[in-house]
Amino acid sequence: MSIELFSLAGKTALITGGTHGIGLAIAEGLAASGARIILNGHTAERLSSAVGHCEKKGFSVSGYLFDISDQQAVDKNLEKIRKMEGVIDVLVNNAAIHRRVKLMDLTLKDFRLVLDINLTAQFYMAQQVARSMINNKQGKIINLCSMMSELGRDTTGAYASAKGGLKMLTKSMATEWAQYNIQVNGIGPGYIKTDATGPISEPGSPLYDFIISRTPAGRWGKPEDLKGAAIFLASSASDFVNGHILYVDGGMLATLGRPTDE
Ligand code: GCO
């Protein structure tokens, strides 16, 4: 019984930004639980390498190259996916960018770009996919939030504004779409070692040890640490979970931390 609860057999999952890092790890987790995975990427080389990587693991996988912030490209590719793949049962809204710049130095153009990709594009993608989920009388949407959905940090103002907004957009989607048996939730990764955190996640970088000191688990996270949360929120195990942000952060948000000399 419990195994079926977390099974994704017969389900199709679209993962945006699924070609590397957290997105690819989540895609692997969903595939290992039986889902057919559709990877979105915006660079052809990364997409084909990620599809090849998943094929080598024996996963049922396909790749679609488009920019999630380009509305026409989203419309065109969702139509193509509908024709080629059928219904999308699970949407993982993962694609995002980062601009680590102090607010006083951040250009309006870059602020708008971060909000556009990390928040507005997530809205439009979810809205379009949810339309077919309503017809299908079921669906799962997982928005990738962040520690920055709850906390600020120097140079992450644009990203935090978007991820804070994405937390509330998740709760708003849950409010309006739960009645259609669509469960909308979020995953909030802690500090995970990926390309995106590359510059700050190297031993010796000023943040590396600080993050460890702020994380009760005493380590940086790995992309695979997020697989279980994704499988849970994509499976029937979470059919009565709505508007929840599941933080996978090694305990960072649970604590004020402890003095360094303890
Ligand atoms: C940073 C980090 C964070 C992490 C992550 C934490 O610059 O502080 O990049 O933004 O990426 O979002 O959940």
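Provided above is the structure to which this section pertains.
Each value, and the rule that gives it
Residues numbered from 1 in each chain as written. Predicted model: local features only at pLDDT ≥ 70, side-chain atom pairs only at ≥ 80, totals over all residues. Heavy atoms only, no water. Pairing = 2+ DSSP bridges. Helix = DSSP H or I, 4+ residues; strand = E, 2+ residues; numbered from the N terminus. Axes fitted to C-alpha atoms, helices over the stretch in contact; angles between N-to-C directions. Contact = heavy atoms within 4.5 Å. Parallel < 35°, antiparallel > 145°, perpendicular 65-115°, else oblique. Left-handed = near helix turned anticlockwise from the far one by under 90°. Nonpolar A, V, L, I, M, F, W, Y, C, P; charged D, E, K, R; others polar. Near = heavy atom within 4 Å. Polar contact = N/O pair within 3.5 Å; in protein donor to acceptor, adjacent residues only side chain to side chain. Buried < 20%, exposed > 50% of the residue type's maximum accessible area, 1.4 Å probe, protein only. Right-handed = clockwise from strand over helix to strand, strands pointing away.

Observations regarding the sheet that holds strand S7 (residues 245-248)
Phase 1: Spatial ordering of the open sheet is given by S3-S2-S1-S4-S5-S6-S7, a layout of 7 strands whose pairing is parallel. Looking at which strands have only one partner, the edges of the open sheet turn out to be strand S3 (61-65) and S7. The average angle at which neighbouring strand axes cross in this sheet is 20 degrees, direction not considered.
Phase 2: Where strand S1 (residues 12-15) lies against strand S4 (residues 90-93), 3 bridges are found, and the strand directions are parallel. Counted as the bridge partner of Ala13 is Val90 from S4.
Phase 3: Against the sheet, helix H3 (residues 44-56) touches strand S2 (36-41) and S3, its axis set at about 175 degrees to S3.
Phase 4: Relative to the sheet, helix H5 (residues 108-135) contacts S1, S4, strand S5 (139-144) and strand S6 (182-189), its axis offset from that of S4 by approximately 175 degrees.

Some points on the packing of helix H4 (residues 71-85) against H5
Phase 1: Where H4 meets H5, the closest approach of the two axes is 11 Å, and the angle between their N-to-C directions is 30 degrees. Considering their axes alone, H4 and H5 lie roughly parallel with respect to each other. The handedness of the crossing between H4 and H5 is right-handed. Contacts from Gln71, Val74, Asp75, Leu78 and Arg82 of H4 reach H5 at Tyr124, Met125, Gln128, Val129 and Ser132.
Phase 2: Its residues assigned to classes, the contact of H4 with H5 comprises 5 nonpolar, 3 polar and 2 charged.

Quick word on the site of the ligand
Phase 1: Contacts to the ligand come from 13 residues, most closely from Arg100, Ser146, Arg153, Pro189 and Tyr191.
Phase 2: Ser146 has a polar side-chain atom sitting 2.7 Å from an oxygen atom of the ligand.
Phase 3: Between an oxygen atom of the ligand and a side-chain N or O atom of Tyr159, the distance comes to 3.2 Å.
Phase 4: Here the shell around the ligand is built from residues that sort into 6 nonpolar, 5 polar and 2 charged.

Observations concerning the pairing of S1
Phase 1: Where burial is concerned, the two faces of S1 agree: the one with Thr12 and Leu14 and the one with Ala13 and Ile15 are both buried.
Phase 2: Crossover S1 to S2 through helix H2 (residues 21-32) is right-handed.

Some details on the pairing of S2
Phase 1: Burial runs high along S2: 5 of the 6 residues are buried.
Phase 2: Inspection of the sheet shows S1 paired to S2 by 4 bridges, in the parallel sense. For Ile15, the partnering residue across the bridge sits in S2 and is Leu39.
Phase 3: Relative to S3, S2 runs parallel, the two being bridged by 5 bridges. Of the residues in S3, the one forming a bridge with Asn40 is Tyr64.
Phase 4: Once you follow S2 into H3 and on to S3, the crossover reads as right-handed.

Observations concerning the side chain of Asn143
Phase 1: Checked against the element boundaries, Asn143 lands in strand S5.
Phase 2: Looking at Asn143, the relative accessible area reads 0%, which means it is buried.
Phase 3: Reaching out from Asn143, the side chain makes a polar contact with the side chain of Thr170 at a distance of 2.9 Å.
Phase 4: With residues near it in sequence (within four places) discarded, Asn143 still touches Asn93, Leu166, Thr170, Met173, Val184, Asn185, Gly186 and Ile187.

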